[in-house]
Amino acid sequence: NGTPATIQIISGVVVALVSSVLDISILSDMVNIGTLSAFLLVSIGVPIMRMRRPDLHRTFKVPGNPWLPIIAAISTLWLMLNLSVLTWVRFIVWLVIGFIVYFAYSYKHSILGKQIRLAKKMGVPVESLIAKNAISAQNELQSEQTSQSEQTLHTSQTSQTSQSEQTSQSEQTLQPKPTSQIEED
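Summary of the structure given here.

The rules behind each value
- Residues numbered from 1 in each chain as written.
- Predicted model: local features only at pLDDT ≥ 70, side-chain atom pairs only at ≥ 80, totals over all residues.
- Heavy atoms only, no water.
- Helix = DSSP H or I, 4+ residues; strand = E, 2+ residues; numbered from the N terminus.
- Buried < 20%, exposed > 50% of the residue type's maximum accessible area, 1.4 Å probe, protein only.
- Contact = heavy atoms within 4.5 Å.
- Areas by Shrake-Rupley, 256 points an atom, 1.4 Å probe, with all protein chains shown as cover.
- Axes fitted to C-alpha atoms, helices over the stretch in contact; angles between N-to-C directions.
- Parallel < 35°, antiparallel > 145°, perpendicular 65-115°, else oblique.
- Lys, Arg positive; Asp, Glu negative; His and termini not counted.
- Salt bridge = Lys/Arg side-chain N within 4 Å of Asp/Glu carboxyl O.
- Polar contact = N/O pair within 3.5 Å; in protein donor to acceptor, adjacent residues only side chain to side chain.
- Core = buried A, V, L, I, M, F, W, Y, C linked by side-chain atoms within 4.5 Å.
- Expected span 1.5 Å × (residues − 1).
- Phe/Tyr/Trp six-rings, centres within 6.5 Å; stacked < 30°, edge-to-face > 60°.
- Lys NZ or Arg CZ within 6 Å of the ring centre and 35° of its normal.

## Here we look at the overall build of the protein chain
Here is step 1: Of regular secondary structure, the protein chain possesses six helices and zero strands.
Here is step 2: Seen in sequence order, the protein chain has helices and strands lined up from the N terminus as α-α-α-α-α-α.
Here is step 3: Here the protein chain, with 185 residues, has 12% of them falling under the buried criterion.
Here is step 4: Intrachain contacts of the protein chain at a sequence separation of at least 6 include 50% that bridge at least 24 residues.
Here is step 5: For the protein chain, the exposed surface amounts to about 15,600 Å²; the carbon and sulfur share of it is 66%.

As structure tokens, this is what we get:
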């Protein structure tokens, strides 16, 4: 929790090393095709998500949907096609390496992958483990919600108690103090 400072420093060092070794034109072409490909995917994805899931809450409205994202995707693809063949080869190689790393990591660490391996080991259908995990996740969610509501209730009771204590203290300060009897000489 907090700022991922370590990964930012490592990424900064890697980027600095790569940029100090590579030719700036090669590096700029690779940055261009990477950024353009990400923008292309977003431009294609926005109208698809808006059509498939119109029920989701949107924090912003896309002007000219779906035409503006389609025009953006076409123009982005045109810019990508004008890059050199060598840039495309490098891009595809990096993309394949990225897919290999992503799927190798996710195969070992994904919850579904762990459930499949466990089901094979136990000799049971995967669906039974998924159903059990869904039920336990639902029970855990309900217990968290109960715990949160109990904390909220406790917090409100504590604040009410502290407010009543403050009120009684302020009432005491408003009451006149008894005067002591003056001794006569």
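## Focus on the packing of helix α4 (residues 85-109) against helix α5 (residues 111-122)
Here is step 1: The interhelical angle for the contact between α4 and α5, taken along N-to-C directions, is 55°, at an axis separation of 5 Å. Considering the angle they form, α4 stands oblique to α5. Between α4 and α5, the contacting residues are Tyr 107, Lys 108 and His 109 on the first element and Ile 111, Gly 113, Lys 114 and Arg 117 on the second.

## Focus: the side chain of Arg 50
Here is step 1: Structurally, Arg 50 is set in helix α2 (residues 24-52).
Here is step 2: Salt bridges are absent for the buried Arg 50, whose nearest opposite-charge side chain, Asp 55, sits at 11 Å.
Here is step 3: Polar contacts involving the side chain of Arg 50 include one to the main-chain carbonyl oxygen of Phe 60, which spans 3.3 Å.
Here is step 4: Beyond its immediate chain neighbours, meaning those up to four positions away, Arg 50 contacts Arg 58, Phe 60, Val 62 and Asn 65.

## Regarding the nonpolar core
Here is step 1: By size, the foremost hydrophobic cluster in this structure holds seven residues: Ile 33, Leu 36, Leu 40, Ala 73, Met 80, Leu 83 and Phe 91.
Here is step 2: Ranked by the residues each element gives to this core, the list is headed by α2, at three residues.

## Points about the pattern of salt bridges
If the charged atoms of two oppositely charged side chains come close together, the side chains can form a pair.
Here is step 1: Summed over the entire model, instances satisfying the criterion amount to one salt bridge.
Here is step 2: The residue Asp 55 makes a salt bridge to Arg 53 at a minimum N-O spacing of 3.3 Å.
Here is step 3: In this structure Arg 53 comes out as partly exposed when scored by relative accessible area, which is 36%.

## A word on α5
For an α-helix, 3.6 residues make a turn, and residues three or four places apart therefore share a direction.
Here is step 1: Helix length check: α5 (12 residues) gives 16 Å between terminal C-alpha atoms against 16 Å at 1.5 Å per residue, within 8%.
Here is step 2: Immediately beyond the C-terminal end of α5, within one or two residues, lies Gly 123, with a positive phi of roughly 75°.

## Overview of the packing of aromatic side chains
Here is step 1: Taken as a whole, this structure holds three aromatic pairs when the rule is applied.
Here is step 2: Between the aromatic rings of Trp 88 and Phe 91, the centroid separation amounts to 6.0 Å while the plane-to-plane angle is 90°, which identifies the pairing as edge-to-face. Of this pair, Trp 88 and Phe 91 both sit in helix α4, three residues apart, which is roughly one turn of that helix.
Here is step 3: For Trp 88, a relative accessible area of 23% puts it in the partly exposed group.
Here is step 4: Taking 5.1 Å as the distance between ring centres and 80° as the angle between the ring planes, the aromatic pair formed by Tyr 102 and Phe 103 counts as edge-to-face.
Here is step 5: Following the ring pairs from residue to residue traces out a cluster consisting of Phe 99, Tyr 102 and Phe 103.
Here is step 6: The ring centre of Tyr 107 lies 5.0 Å from the NZ or CZ of Arg 117, which sits over that ring.

## Side note on unusual backbone geometry
Here is step 1: Look at the link from Asn 65 to Pro 66: it is a cis peptide, with omega at 5°.
Here is step 2: Take Pro 66: it is sitting in the loop between α2 and α3 (67-81).

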